[in-house]
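Spelled out, the chains give:
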Amino acid sequence: MRVAIVGAGPAGAALAYLFARRGIGVLLVERQSDFAREFRGEGLMPGGVDALRQMGLGPELDALPQSRISRLEVFLNGRRELVLDLSDLPANTPMPRFVSQPPLLEMLVAQAAKFPGFELLRGVTVRDLVYDGERVAGVRVEGEAGVRELRADYVIGCDGRASVVRKRARLERPREAQSFDVVWCKLPLPEFMRGSARGCIGRGHFAICFESPDGGLQLGWAIEKGTFGDIRRGGIEHWIGELAANVPDDLAAWIRAHAGSVSSPFLLDVVCDHLDVWNAPGILLLGDAAHPMSPVGAQGINIALRDALVAANHLGPALVRSSDAAGLDEAAREVVAERLPEVKQIQRMQAGPPRMMLQQTALARIVMRVVVPFAMRTGISRLLFTRVFPRFALGTTQVDLRF
């Protein structure tokens, strides 16, 4: 049987590899001609590392450009309130890391290409789905060869939060409104930031910074949604100054001194929601196509990889058996039933901090001015971290590759 996977992101490329190594015919369709572009998310939590190791790709992952984080420092209004040693995670838990996504994706498709049933189409855009009656039976694509139909026994949409597959499958629904956006940029790395990540909370803003895989300093500045236009109108020096005003003194001085070296700035319009139904006859959505994740907690790649493992567990055997349409659709429903609870739990955890930090409501102001400082002074925040962080790090459900 042949599967068409749309989108060679983490979920699509990983699943293509898992299918191809078991002899399933895989057609992986990728809109871009290469992966050499900026990615918003490069955080790989222990759960994502574990997924790649279960796939047998641990050594290949370790060989990629990456930075590893051993310490998290939390600042409130410029003052260090919490230092967390990430080596306190459960025994044998891999450390969080930031992995350059283009080499990661190239590695996954290169591993899949070792198997004869795998084919990658680069620079080919999916325009529509092909139907046999009410059932999806392939995709209509456009590329250098023009417009053509590619038939498949099953279609899997992994084409991100702006998924064409989701729209054409009529699985679209209105987005849930978010309270914040993120301004991303890079600077040279100061030595005091090597091996650590910082979360900086202050005056209606939140910033996170860490060593990027290419050896720079990656900065993510969370601001109330819709306010960046006002900040940007003052020019780059103005918004860099606004950012510097909300971080500790040592980092603020570094940012101001290197304002002329800011690179790769862009605004991420944050989207975080999920479909309750990811499948229709002949088709399944995975990754951001089904559930775009907030940047809080660096969950996008991790959840996508775990989606791929579960999809392989259920759809893989059905495809190997050449199951009929009903069998394939039932396997897809099993994927959704297993993955949806974790997605919902993680997204609920992602939603809380930005709401309290950024919204200018009376309750939010009380929480940030009274409750948060008290929790940090008394050790409550450390206790909460030890309970919540492992759920971000390792996931809320057990995911084991069986296929």
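All of these numbers come straight from a predicted model, not from anything done at the bench. (Residues numbered from 1 in each chain as written. Predicted model: local features only at pLDDT ≥ 70, side-chain atom pairs only at ≥ 80, totals over all residues. Heavy atoms only, no water.)

Turning to the overall build of the chain, a few remarks are in order. Across its full length, the chain holds 12 helices and 19 strands. When the backbone C-alpha atoms are referred to their principal axes, the chain occupies close to 60 × 45 × 40 Å. For the chain, the proportion of its 403 residues judged to be buried stands at 55%. Long-range pairs, those at least 24 residues apart, make up 73% of the contacts in the chain with a sequence separation of at least 6. Looking at the chain, you have 48 positive and 45 negative side-chain charges, and the mean spots of the two groups are 3 Å apart. (Helix = DSSP H or I, 4+ residues; strand = E, 2+ residues; numbered from the N terminus. Buried < 20%, exposed > 50% of the residue type's maximum accessible area, 1.4 Å probe, protein only. Contact = heavy atoms within 4.5 Å. Lys, Arg positive; Asp, Glu negative; His and termini not counted. Charge placed at Lys NZ, Arg CZ, Asp CG, Glu CD.)

Among the secondary structure elements, glutamine 347 is positioned in helix 10 (residues 325–358). Classification of glutamine 347 as buried rests on a relative accessible area of 7%. At 2.9 Å, the side chain of glutamine 347 forms a polar contact with the backbone oxygen of aspartate 273. (Polar contact = N/O pair within 3.5 Å; in protein donor to acceptor, adjacent residues only side chain to side chain.)

What follows is about a nonpolar patch on the surface. Where nonpolar side chains cluster on the molecular surface, the patch consists of Phe374, Ile380 and Leu384 and spans about 270 Å² of accessible area. On the secondary structure map, isoleucine 380 appears in helix 12 (residues 380–394). (Patch = residues over 30% accessible without salt bridge, like charges linked within 9 Å, V, L, I, M, F, W, Y side chains within 5 Å. Areas by Shrake-Rupley, 256 points an atom, 1.4 Å probe, with all protein chains shown as cover. Salt bridge = Lys/Arg side-chain N within 4 Å of Asp/Glu carboxyl O.)

Where strand 9 (residues 125–132) lies against strand 10 (residues 135–143), 7 bridges are found, and the strand directions are antiparallel. The residue bridging leucine 129 from the neighbouring strand is valine 139, located in strand 10. Adjacent in sequence and paired antiparallel, strand 9 and strand 10 are bridged by 2 residues, among which glycine 133 carries a positive phi angle near 65°. Strand direction decides the pairing type here: strand 10 and strand 11 (residues 146–151), joined by 6 bridges, are antiparallel. Bridge pairing in strand 11 places glycine 138 opposite arginine 151. (Pairing = 2+ DSSP bridges.)

This part takes up the pattern of salt bridges. A side chain of one charge can pair with a side chain of the opposite charge if their charged atoms are brought near each other. Evaluated as defined, the whole model comprises 23 salt bridges. With a closest N to O distance of 2.9 Å, glutamate 106 and arginine 122 form a salt bridge. Of this pair, glutamate 106 sits in helix 4 (residues 101–112) while arginine 122 sits in strand 8 (residues 118–122), placing them 16 residues apart in sequence. Residue classification places glutamate 106 among the partly exposed positions, given a relative accessible area of 29%. Here the salt bridges share partners, and the residues they tie into one network are Asp128, Asp132, Arg140, Glu149, Arg151 and Arg168.

With that settled, the discussion passes to helix 1 (residues 10–20). Buried residues dominate helix 1, accounting for 11 of its 11 residues. Within helix 1, burial applies to Pro10, Ala11, Gly12, Ala13, Ala14, Leu15, Ala16, Tyr17, Leu18, Phe19 and Ala20. In the core, the buried residues of helix 1 are packed alongside strand 1 (2–6), strand 2 (25–30), helix 4, strand 8, strand 12 (154–157) and helix 9 (300–320).

For the rest of this paragraph, the subject is empty space enclosed by the protein. Summed over all chains, the structure comprises 1 cavity of 30 Å³ or more. Approximately 40 Å³ is the volume found for the largest cavity. Contributing to the lining of the largest cavity are Arg166, Glu172, Arg173, Arg175, Asp273, His274, Leu275, Ala289, Ala290, His291 and Pro292. Grouping the amino acids of the lining of the largest cavity by side-chain chemistry returns 4 nonpolar, 2 polar and 5 charged. (1 Å grid on protein atoms, 1.4 Å probe; cavity = no way out; pocket = protein on both sides within 12 Å on 5 of 7 lines; lining within 4 Å. Points joined across faces, edges and corners; volume = space filled by probe spheres on them. Nonpolar A, V, L, I, M, F, W, Y, C, P; charged D, E, K, R; others polar.)

With that settled, the discussion passes to unusual backbone geometry. Although it is not a glycine, arginine 170 sits at a positive phi angle of roughly 60°. One can find arginine 170 in the loop between helix 5 (164–168) and strand 13 (180–188). Judged by relative accessible area, arginine 170 falls into the exposed class, the value being 60%. The backbone of alanine 298 shows a phi angle near 50°, a positive value even though the residue is not glycine. Residue placement: alanine 298 occurs in the loop between strand 19 (283–285) and helix 9.

This brings us to the sheet that holds strand 13. Spatially, the 7 strands line up as an open sheet ordered 6-5-14-15-16-13-17, and their pairing is mixed. Every other strand in the sheet has two partners, leaving strand 6 (79–85) and strand 17 (263–268) as the edge strands with one partner each. Between one strand axis and the next, the sheet turns through 15° on average, direction left out of account. Pairing of strand 5 (residues 71–76) with strand 6 involves 6 bridges; the strand directions are antiparallel. Residue pairing in the sheet places valine 74 in a bridge with leucine 82 of strand 6. In this fold helix 7 (residues 236–244) packs onto strand 13, strand 15 (205–211), strand 16 (216–224) and strand 17, with an angle of close to 90° to the strand it touches most, strand 16. Across the sheet, helix 8 (residues 249–257) is in contact with strand 13, strand 14 (196–202), strand 15 and strand 16; its angle to strand 16 comes to roughly 105°. (Axes fitted to C-alpha atoms, helices over the stretch in contact; angles between N-to-C directions.)

Below, the discussion takes up the packing of helix 1 against helix 9. Axis separation between helix 1 and helix 9 bottoms out at 8 Å; the angle between their running directions is 35°. Taken as a pair, helix 1 and helix 9 cross one another with a handedness that is right-handed. Contact residues: Pro10, Ala11, Ala14, Leu15, Leu18 and Phe19 in helix 1; Ile301, Ala304, Leu305, Ala308, Leu309, Ala311, Ala312, Leu315, Gly316 and Leu319 in helix 9. Tallied by class, residues from the contact of helix 1 with helix 9 come to 15 nonpolar, 1 polar and no charged. (Left-handed = near helix turned anticlockwise from the far one by under 90°.)

Tracing the backbone shows asparagine 279 in strand 18 (residues 279–280). If near-sequence neighbours (up to four positions away) are discounted, asparagine 279 is found in contact with Leu171, Leu284, Asp329, Ala332, Arg333 and Val336.

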